[in-house]
Amino acid sequence: MDLEFDDFSYYSTRLLLADVLDDVYVEMAKTQSAKSRFMFTRDLLRKHNMLDSSLDTDKFFEYEHPTVSESYRQRGNEFFKAKMYDEAVDMYTKSLKSCKPTTECNALAVANRSAAHFRMGKYDLCLKGLRVVMWANYPSKLAYKLYERAGNAERKLGLIESAKESYAECLTRLDEADMSAENKLKFRAAVEIAATECDQLLTYQKRTMKTPPVEQLVGGRNENIPALSAFVELKMSENMGRGVYATRDINPGDVVAIDEPYISVPFQDDSEVCNYNGCLKFDFALFRCPKCVMVYYCNKDCMNKDYEDGHHLVCPIICFIKSTPGISKINELALKWFLKDYLKMGPKKYCSIVDNFSESKTDPITRGFNEIGQYKSDNFLTAYSLDCSENKMPTHVLIFFNCIAVDILHYLTLSGFKIPERYMGSVGASLVRILTVLDSNARKLSINNPYISHQELTFILAFTLYPTISLFNHSCDGNIKRSGVITDRIRVIKAVQPIPKGTQLCCNYGIMFKEDDKELRQRVSNDRFDFNCYCDPCIKNWPTLKFIPNRLSTLNILNPKMADTVSSECEKFVKFKMSVKPEDLCQHLNYLYSFIKLLYTNVKRPFALYEDCLEMIGDAHIINKFL
């Protein structure tokens with residue numbers, strides 16, 4: 001995941017200072033269940049005053065007096081009138097940083113700065129500021145100005161549908177404007193003309209718009225695991241446990257999985273990604289939550305749905321969750337997951353489900369399947385039952401995760417959220433499991449960024465849990481890889497190498513044989529992911545890229561009768577590789593697929609041209625999101 005635990009020793013250091021750490025290890029080792037471990041940890045942190053007594057958010061922020069903010073804004077207004085827009089922007093920025101984000105003075109500063117950005121032709125920055133302030137504490141009698149300016153900026157950026165919506169909202173807000181009836185009439189007429197022009201532009205856009213093809217799973221949907229291809233099955237292996245295997249030959253480019261996240265959270269705090277789990281829309285200008293001002297939404301519908309899933313309970317404690325030791329994004333994701341299902345089920349049903357799971361002994365191959373034998377990514381138990389290392393953790397790590405769970409639930413109760421005491425053990429134990437499942441299975445979701453050049457292929461969209469994709473094991477030479485997406489949140493997995501019948505389908509967890517030697521790869525897979533890798537590069541100790549053969553010889557030709565054909569095609573590929581531009585790779589995928597199939601059958605690996613072709617296929621899948 002390329003994420004590090006923050007302040008891993010936080011709890012143990014404080015217990016050490018209290019001279020009880022050794023005793024804690026002994027007592028924790030004696031606990032018989034996940035519930036008893038959590039309750040022991042909760043009593044421990046309470047006893048040693050390691051829990052916050054109140055939700056004092058002022059300790060996270062420092063603001064100057066409101067009059068200072070107003071002074072900066074007035075100076076910005078003077079620069080604006082003098083058409084000194086750079087200086088105006090600087091003053092408005094100082095103004096908004098001098099007051100709390102939820103105040104009117106902050107909203108005025110952001111709105112004024114957006115006006116300066118518009119005059120400077122920086123329409124993207126103008127729109128970004130406007131959408132942040134639209135749901136804020138901005139004077140209602142001036143709100144029509146925000147929406148008119150937003151419509152104008154959106155037209156400049158080619159966002160015609162959004163511009164039309166902004167103009168419509170502007171006309172609605174115009175009733176609250178403090179202006180004469182005559183001026184209001186003139187203003188309304190101008191906005192209506194702009195809206196009509198938007199209708200004309202939209203008609204043209206719809207005529208010229210290309211509809212992306214819909215991805216299809218090769219062979220159709222799997223009967224038991226709908227997010228997987230019908231050409232695969234789950235099987236157990238001695239070394240790797242449960243894995244996905246091909247039941248027929250699978251070719252490069254075949255779609256083997258189309259999965260949706262069970263739970264997700266935008267990867268960056270100052271985000272361009274909608275916070276609602278069912279959306280994850282990527283946009284450079286989103287609307288900010290008016291309560292916590294720390295998450296963003298693409299519209300009010302997404303905000304309301306996210307509030308129903310529990311975000312209204314997160315608002316007052318989000319600063320504390322972000323400052324809790326561990327991996328901040330895992331902590332946020334765990335809280336989001338817990339609230340979504342706890343609120344939907346209610347405490348009695350939720351605790352019954354998690355208690356039954358902890359007491360059951362399900363066959364490993366059918367773990368996560370529902371009562372009718374289906375493994376579905378939108379099912380709570382499917383996600384909850386994913387492999388995790390909770391039962392294999394050393395005591396000090398168990399203490400760490402239990403302490404995080406205690407902290408998270410303590411912040412919830414401080415905010416007024418009620419969890420009946422009789423359910424606290426079950427709830428706490430479930431949150432610890434959720435944290436460990438996410439630690440083992442959550443991954444970064446990257447997409448092709450439409451706003452940057454092809455040299456920077458991807459944008460990290462979110463931190464996500466895909467239950468079906470989590471079924472794929474790791475290989476240092478993955479034969480499947482993330483490809484273009486149908487929408488921003490749906491992840492498509494395609495074969496990048498030939499996969500003969502009976503072969504396991506494996507993705508790469510970020511450990512590649514080309515880059516690191518076997519010793520380092522084994523250490524990372526064991527320390528970070530708690531498994532030993534048994535892929536071909538590890539078993540056969542393949543060399544890293546610098547030592548991989550790049551010429552054909554009698555040592556690596558598998559079929560001597562094909563030697564001349566393979567040699568000729570290799571020469572063609574070398575010329576192709578030197579002439580093709582990265583952004584054009586997607587136009588040559590059929591050629592790349594045919595070349596890698598030729599090498600797969602006739603050349604012993606590792607072979608440099610095979611690895612080059614494999615990398616080009618992977619890049620082509622990422623570059624074009626409509627593959």
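Residues numbered from 1 in each chain as written. Predicted model: local features only at pLDDT ≥ 70, side-chain atom pairs only at ≥ 80, totals over all residues. Heavy atoms only, no water.

Visitor: Outline the nonpolar core, listing residues and values.
Guide: One finds Trp-337, Phe-338, Leu-438 and Phe-472 to be the most contacted residues of the largest nonpolar core, which totals 146 residues. It is helix 16 (residues 395-414) that provides the largest number of residues to this core, a total of 13 residues. Contact partners of Phe-338, with chain neighbours within four places excluded, come to Tyr-350, Leu-409, Leu-412, Phe-417, Ile-419, Val-427, Leu-431 and Ile-434. The next biggest cluster of nonpolar side chains, apart from the first, holds 24 residues, and it includes Leu-598, Leu-599, Cys-613 and Ile-617. (Core = buried A, V, L, I, M, F, W, Y, C linked by side-chain atoms within 4.5 Å. Buried < 20%, exposed > 50% of the residue type's maximum accessible area, 1.4 Å probe, protein only. Helix = DSSP H or I, 4+ residues; strand = E, 2+ residues; numbered from the N terminus. Contact = heavy atoms within 4.5 Å.)

Visitor: Give me the lowdown on empty space enclosed by the protein, citing residues and values where you can.
Guide: One pass over the structure, following the stated rule, counts 5 cavities of 30 Å³ or more. Around the largest cavity, the lining is made up of 14 residues, and of these Asn-275, His-311, Val-314, Glu-332 and Lys-336 lie nearest the centre. When contributions to the lining of the largest cavity are tallied by element, the ones reaching two or more residues are helix 11 (300-314), helix 12 (318-323) and helix 13 (328-345). Among the elements that make up the lining of the largest cavity, the one with the highest residue count is helix 11 (5 residues). Grouping the amino acids of the lining of the largest cavity by side-chain chemistry returns 7 nonpolar, 3 polar and 4 charged. Of the volumes computed, that of the second largest cavity is approximately 80 Å³. Lining the second largest cavity are 13 residues, and of these Pro-266, Gln-268, Asn-275, Met-294 and Val-295 lie nearest its centre. (1 Å grid on protein atoms, 1.4 Å probe; cavity = no way out; pocket = protein on both sides within 12 Å on 5 of 7 lines; lining within 4 Å. Points joined across faces, edges and corners; volume = space filled by probe spheres on them. Nonpolar A, V, L, I, M, F, W, Y, C, P; charged D, E, K, R; others polar.)

Visitor: Tell me about the pattern of salt bridges, and name the residues and values.
Guide: Evaluated as defined, the whole model comprises 26 salt bridges. Among the ionic pairs, Arg-131 bridges to Asp-283, the shortest N-O distance being 3.2 Å. Linking Arg-131 in helix 7 (residues 123-133) with Asp-283 in the loop between strand 4 (263-266) and strand 5 (287-288), this pair joins segments that are 152 residues apart in sequence. Judged by its relative accessible area of 6%, Arg-131 falls in the buried class. Among the residues examined, Asp-283 registers a relative accessible area of 11% and is labelled buried. (Salt bridge = Lys/Arg side-chain N within 4 Å of Asp/Glu carboxyl O.)

Visitor: A description of helix 5 (residues 85-97) should follow, citing residues and the corresponding values.
Guide: End to end, helix 5 covers 18 Å across 13 residues, agreeing with the expected 18 Å (1.5 Å per residue, within 8%). When helix 5 is considered as a whole, its buried residues turn out to be Tyr-85, Ala-88, Val-89, Met-91, Tyr-92, Thr-93, Ser-95 and Leu-96. Buried residues along helix 5 sit in contact with helix 4 (66-81) and helix 6 (104-119). (Expected span 1.5 Å × (residues − 1).)

Visitor: Provide a residue-level description of the side chain of Arg-521, including the pertinent values.
Guide: For Arg-521, the position within the fold is in helix 18 (residues 518-529). Among the polar contacts made by the side chain of Arg-521, one reaches the main-chain carbonyl oxygen of Asp-516 at a distance of 2.7 Å. The residues contacting Arg-521, other than those within four sequence positions of it, are Cys-476, Ile-511, Met-512, Phe-513, Asp-516, Pro-537 and Cys-538. (Polar contact = N/O pair within 3.5 Å; in protein donor to acceptor, adjacent residues only side chain to side chain.)

Visitor: Describe the packing of helix 7 against helix 8 (residues 143-156), listing the residues and the values that go with them.
Guide: Axis separation between helix 7 and helix 8 bottoms out at 9 Å; the angle between their running directions is 145°. For helix 7 against helix 8, the interelement crossing comes out left-handed. Within the contact between the two elements, helix 7 uses Tyr-123, Cys-126, Leu-127, Leu-130, Arg-131 and Val-133 and helix 8 uses Leu-146, Arg-149, Ala-150, Ala-153, Glu-154 and Lys-156. Class assignment of the residues belonging to the contact of helix 7 with helix 8 gives a composition of 8 nonpolar, no polar and 4 charged. (Axes fitted to C-alpha atoms, helices over the stretch in contact; angles between N-to-C directions. Left-handed = near helix turned anticlockwise from the far one by under 90°.)

Visitor: Which residues make up the side chain of His-410, and what are the values?
Guide: For His-410, the position within the fold is in helix 16. Ignoring any residue separated from it by four or fewer positions in sequence, one finds His-410 in contact with Leu-51 and Asp-52.

Visitor: Which residues make up the state of the cysteines, and what values do they have?
Guide: Enumeration over the complete set of coordinates arrives at 0 disulfides. Sulfur of Cys-170: no disulfide; nearest cysteine sulfur belongs to Cys-198 and is 12 Å away. For Cys-170, a relative accessible area of 0% translates into the label buried. With no disulfide of its own, Cys-319 has Cys-292 as its nearest cysteine by sulfur position, at a separation of 8.1 Å. For Cys-319, a relative accessible area of 12% puts it in the buried group. (Disulfide = S-S within 2.5 Å.)

Visitor: Can you lay out helix 6 for me, pointing to particular residues and giving the numbers?
Guide: Between its terminal C-alpha atoms helix 6 stretches 23 Å, which fits the 22 Å expected from 16 residues at 1.5 Å a residue. Burial of helix 6 is extensive: 12 of the 16 residues sit out of reach of the surface. Buried residues of helix 6: Cys-105, Asn-106, Ala-107, Leu-108, Ala-109, Val-110, Ala-111, Asn-112, Ser-114, Ala-115, Ala-116 and His-117, and no others. Next to the buried residues of helix 6 lie helix 4, helix 5, helix 7, helix 8 and strand 5. At the C-terminal side of helix 6, Gly-121 shows a positive phi close to 80°.

Visitor: Summarise the packing of helix 3 (residues 34-47) against helix 16; cite the residues concerned and give the values.
Guide: Each pair of packed helices can be described by the angle between their axes along with the distance between the axes. At a minimum axis distance of 9 Å, the contact between helix 3 and helix 16 shows a crossing angle of 70°. Comparing their axes, helix 16 and helix 3 come out roughly perpendicular. By crossing handedness, the relation of helix 3 to helix 16 is classed as right-handed. In this structure, helix 3 uses Arg-37, Phe-38, Thr-41, Arg-42 and Leu-45 to contact helix 16, whose residues at the interface are Leu-398, Asn-402, Cys-403, Ala-405, Val-406 and Leu-409. Here the contact of helix 3 with helix 16 is composed, by residue class, of 7 nonpolar, 2 polar and 2 charged. (Parallel < 35°, antiparallel > 145°, perpendicular 65-115°, else oblique.)

Visitor: Tell me what's going on with the sheet that holds strand 3 (residues 255-259), and back it up with residues and numbers.
Guide: Within the open sheet, the 3 strands sit side by side as 3-11-10. Their pairing is antiparallel. At either end of the open sheet lies a strand with only one pairing partner, and these are strand 3 and strand 10 (480-482). Neighbouring strand axes in the sheet, compared pairwise and without regard to direction, differ in orientation by 20° on average. (Pairing = 2+ DSSP bridges.)

Visitor: Can you explain the sheet that holds strand 9 (residues 473-474)? Please cite residues and give values.
Guide: Spatial ordering of the open sheet is given by 1-2-12-9, a layout of 4 strands whose pairing is mixed. Each edge of the open sheet is held by one strand with a lone partner, namely strand 1 (232-237) and strand 9. Of the strand pairs in this sheet, strand 9 and strand 12 (residues 504-507) are connected by 2 bridges, and their pairing is parallel. If you follow His-474 over to strand 12, its bridge partner there is Cys-507.

Visitor: Please provide a residue-by-residue account of the confidence of the model for the protein, values included.
Guide: The predicted coordinates should not be examined in detail at positions where pLDDT is low. Averaged over every residue, the pLDDT of the protein is 90; residues scoring 70 or more account for 94%. Below pLDDT 50 for its whole length, residues 449-457 participates in 14 contacts with residues either more than four positions away or in separate chains. (pLDDT = per-residue confidence, 0-100.)

Visitor: Account for the environment of Glu-390, naming residues and giving values.
Guide: Within the element layout of this structure, Glu-390 appears in the loop between helix 15 (380-384) and helix 16. As a C-alpha pair, Glu-390 and Leu-127 span 263 residues in sequence and 46 Å in three-dimensional space. Not counting the four nearest positions on each side in its chain, Glu-390 is found in contact with Ala-34, Arg-37, Leu-398, Val-432, Arg-433 and Thr-436.

Visitor: Give a description of unusual backbone geometry that names residues and reports values.
Guide: Each neighbour pair has its own omega, and for Arg-605 with Pro-606 the value is 0°, a cis peptide bond. Positive phi, close to 60°, is recorded for Asp-19, a residue that is not glycine. Inspection of the secondary structure assignment puts Asp-19 in the loop between helix 1 (10-17) and helix 2 (21-30). Take Asp-19: its relative accessible area is 68%, and that puts it in the exposed class. Phi is positive for Val-293, close to 45°, though the residue is something other than glycine. Mapped onto the secondary structure, Val-293 falls in the loop between strand 5 and strand 6 (296-297). Of the residues examined, Val-293 reaches a relative accessible area of 16% and is grouped as buried.

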